[in-house]
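Per-entry structural report
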Amino acid sequence: MLIFVKNKNMHSDSLRNKKLATRFIHAGAEPDPSTGAIMTPIFQTSTYVQSAPGQHKGYEYARSQNPTRAALETALAAIENGKHGLAFGSGVAATDAVMKLLVPGDEVIAASDMYGGTYRLFTKIYEKMGIRFIYVDTTNAANVSQALTDKTKLIWLETPTNPLMNITDIEAVAAISKKAGTILCVDNTFASPYLQNPLDLGADIVMHSSTKYLGGHSDVIQGALVMNDDALREQLYFIQKSCGAVPGPFDCFLVLRGIKTLHVRMKQHGENGIAIAHFLRQHPKVGKVYWCGFEDHPNHAIAKKQMRGFGGMLSFTLKDESVEAAMKLLSSTKVFSLAESLGGVESLINHPASMTHASIPREERIKNGLTDGLIRLSIGIEDAEDLIEDLNQAIG
Ligand SMILES: Cc1ncc(COP(=O)(O)O)c(C=O)c1O
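Because the structure is predicted, anything quoted here is derived from the model rather than measured.

1. Remarks on a negative patch on the surface
There is a patch of like negative charges on the surface, built from Asp-383, Glu-385, Asp-386 and Glu-389. With respect to the helices and strands, the residue Glu-389 is situated in helix H15 (residues 384-395). Overall, the relative accessible area of 57% leaves Glu-389 in the exposed class.

Below, the structure is given as structure tokens:
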């Protein structure tokens, strides 16, 4: 018997038919059967008492099962329209679990432009274990088809990409992946489930750095995987408990709480994103603005098709593309804080070349358009006027 009983009014299956806001608030939320507590308790325990060997309430040891984590995993599945959710100690740990589905000799087709830590995991850890990575520009799905071999086991997409906001057509790549019998995993961190649901577009696994929009308050490191296939869930659960990169119950509580306000936060991130993208574009000292909401963004039509909005992430360059000019700006903001990470309520400014993407060799970075002068913004939910004023004074 599991500790959680179903809430008769709003159990997980019926959530599928509900609108986004209702789903985000009620996902995984079952009243605690022992007290009726509306908020999921933090089960801060490492083990569970058994009445006789093997006789327990569904929980044996907290690396394998924890009720707070179970509630979060139910929520993760609900918000991504999936059947199963799994929570990990970080986004990278979630990616690492997917990689452990592979064996030496297998090939992965991955986006040439993606988060630097994913690239580092692939090149520095898994390449030496005999996995081969083929990096292609996935914004053209034909490049994925051309890179397929009979050894391809996984296709790894990130859309929108960090930090260049490139968009890949998930449905088109999913069709290629299905035909080839490979697994398609989509890193949905930048969009969040509020804007995009890759499983609905044919992906096999959705990955999140829950550290970002799901948590939403810059106070937790965590990752997530969501999938529909039962066998895939069993394999990934086996990896989760065998390799042990599980999040603690307090962190699970924080992400559960974050998910409840995802829709209101994302709405504001998106509105501020629109205002700042247009402000930057008309600024005489600003060079290029990377934001998929512009009609002339090369992948705007796909973004419009598969996303419900364009979110709060964007990157830009100054007309003076020198590192010095970028550094001056990065040190001059007062509302935007200079920091790695993204997706919190407070606005952050970042220099990908020396911060989040420093693990990518310079030639590779430049080849993919990630120049030394590129500046990335994670636009928070403060007043847009204050954010614009801050950028305006910092650009000078
Ligand atoms: C798009 C993307 N994927 C994955 C990660 C890794 O997540 P974490 O830092 O939670 O391990 C990040 C972190 O910045 C990210 O931006």
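That covers the picture; the talk isn't over yet.
2. Notes on the confidence of the model for the protein
For the protein, the mean per-residue pLDDT works out to 95, and 97% of the residues sit at or above 70. Across residues 1-9, where pLDDT falls below 50, the model places 23 contacts with residues more than four positions away in sequence or in other chains.

3. What to know about the sheet that holds strand S1 (residues 84-88)
With respect to topology, seven strands assemble into an open sheet ordered S1-S7-S6-S5-S4-S2-S3, the strand pairing being mixed. Of all the strands in the sheet, the pair left with one neighbour each is S1 and strand S3 (132-136). Across the sheet, the axes of successive neighbouring strands diverge by a mean angle of 20°, strand direction being ignored. Sheet analysis places strand S4 (residues 152-158) next to strand S5 (residues 183-187), joined by five bridges and oriented parallel. Directly across from Glu-158, in S5, lies its bridge partner Asp-187. Against the sheet, helix H3 (residues 67-79) engages S1 and strand S7 (223-227), with an angle of about 125° to S1.

4. Looking at the environment of Ala-353
Looking at where Ala-353 falls in the secondary structure, it is placed in the loop between strand S11 (348-350) and helix H14 (362-367). Placed 210 residues apart in sequence, Ala-353 and Asn-143 show a C-alpha to C-alpha distance of 26 Å. Not counting the four nearest positions on each side in its chain, Ala-353 is found in contact with Ala-358, Arg-365, Leu-370, Thr-371 and Asp-372.

5. Let's talk about the site of the ligand
If you check the shell around the ligand, you find 14 residues, and the closest are Val-92, Asp-187, Ser-209, Thr-211 and Lys-212. Here Val-92 contributes a backbone N or O atom positioned 2.9 Å from an oxygen atom of the ligand. Asp-187 has a polar side-chain atom sitting 2.6 Å from a nitrogen atom of the ligand. Compared with its free state, where it exposes 390 Å², the ligand has 92% of that area covered by protein. Sorting the residues of the shell around the ligand by element identifies helix H4 (91-99) and strand S6 (205-209) as the ones contributing at least two each.

6. Regarding helix H11 (residues 262-282)
Relative to the 30 Å expected for 21 residues at 1.5 Å per residue, H11 spans 30 Å between its end C-alpha atoms, a close match to the ideal helical length. Among the residues of H11, Leu-262, His-263, Arg-265, Met-266, His-269, Gly-270, Asn-272, Gly-273, Ile-276, Ala-277, Phe-279 and Leu-280 are the ones counted as buried.

Reading guide: rules and limits
- Residues numbered from 1 in each chain as written.
- Predicted model: local features only at pLDDT ≥ 70, side-chain atom pairs only at ≥ 80, totals over all residues.
- Heavy atoms only, no water.
- Patch = residues over 30% accessible without salt bridge, like charges linked within 9 Å, V, L, I, M, F, W, Y side chains within 5 Å.
- Areas by Shrake-Rupley, 256 points an atom, 1.4 Å probe, with all protein chains shown as cover.
- Salt bridge = Lys/Arg side-chain N within 4 Å of Asp/Glu carboxyl O.
- Lys, Arg positive; Asp, Glu negative; His and termini not counted.
- Charge placed at Lys NZ, Arg CZ, Asp CG, Glu CD.
- Helix = DSSP H or I, 4+ residues; strand = E, 2+ residues; numbered from the N terminus.
- Buried < 20%, exposed > 50% of the residue type's maximum accessible area, 1.4 Å probe, protein only.
- pLDDT = per-residue confidence, 0-100.
- Contact = heavy atoms within 4.5 Å.
- Pairing = 2+ DSSP bridges.
- Axes fitted to C-alpha atoms, helices over the stretch in contact; angles between N-to-C directions.
- Near = heavy atom within 4 Å.
- Polar contact = N/O pair within 3.5 Å; in protein donor to acceptor, adjacent residues only side chain to side chain.
- Expected span 1.5 Å × (residues − 1).

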